[in-house]
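Close look at the chain arrangement
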Amino acid sequence: MKISIIMCVKNSMPYLMSSVRSFQSQKYKNKELIVVYAKSDDNSEYYLKSLKDKNIRIYEYNQQIYKSLNYGIKKTSGDVIGILHSDDVFFSELILNKVD
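Below is a summary of the structure that appears in this document. Remember, predicted model here, so these are calculated numbers, not experimental data.

Scoring rules and cut-offs
Residues numbered from 1 in each chain as written. Predicted model: local features only at pLDDT ≥ 70, side-chain atom pairs only at ≥ 80, totals over all residues. Heavy atoms only, no water. Buried < 20%, exposed > 50% of the residue type's maximum accessible area, 1.4 Å probe, protein only. Helix = DSSP H or I, 4+ residues; strand = E, 2+ residues; numbered from the N terminus. Pairing = 2+ DSSP bridges. Arc of directions from axis to C-beta. Contact = heavy atoms within 4.5 Å. Polar contact = N/O pair within 3.5 Å; in protein donor to acceptor, adjacent residues only side chain to side chain.

Now for the pairing of strand S1 (residues 3-9). Within S1, seven of the seven residues are buried, which leaves it mostly tucked inside the rest of the structure. Burial along S1 is two-sided: Ile3, Ile5, Met7 and Val9 and Ser4, Ile6 and Cys8, pointing in opposite directions, are all buried. In the sheet, S1 pairs with strand S2 (residues 31-37) via seven bridges, with the strands oriented parallel. What sits directly across from Met7, in S2, is Val35.

Shown next as C-alpha cells:
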C-alpha cells in the first residue's frame, strides 16, 4: 500500500524543516509527500527547492489552503491520503507503519 501525505506551505519557516524531516524519517518505504506551496515572504520556497528526495514532489499553487489541499489530493498516487501541516511533525518514525 502506498501512503500519500499532503502538506500546504506558505511562510512556514522554520517549522517547515522539522515537518519535512519528520516525513523523511518515517521507516515506511512506500510513501510520498506532496507539497503544495504558495509564494512566501520567508525562505520556504528556497528550502523546498533545495530538497533532493525522490519521495517528495513539490507544486506551486497560489490559492487558499482548502483549494491547495484539493489540488494536492489530485496529485497523489497513494492508496491512503493524509495531511501533515507545515508546522506539525509525526510523533514517531513508525506512524506510517501503523497506518498501514
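In an α-helix, one full turn covers 3.6 residues, which means residues spaced three or four apart are oriented alike. Listed in full, the buried residues belonging to helix H3 (residues 65-75) are Ser68, Leu69 and Gly72. All buried residues of H3 lie within an arc of 100° about the axis, which places them on one face of the element. Among the exposed residues of H3, those oriented more than 90 degrees off its buried face are Tyr66 and Lys74. Turning to H3, the residues buried within the fold contact S1, S2 and strand S4 (80-83).

A few words now on the side chain of Gln26. Residue placement: Gln26 occurs in the loop between helix H1 (15-24) and S2. Here Ser22 takes part through its backbone oxygen, which lies 3.4 Å from a polar atom of the side chain of Gln26. Polar contacts involving the side chain of Gln26 include one to the main-chain carbonyl oxygen of Ser92, which spans 2.7 Å. Among residues more than four places away in sequence, those in contact with Gln26 are Lys31, Phe90, Ser92, Glu93, Leu94, Ile95 and Leu96.

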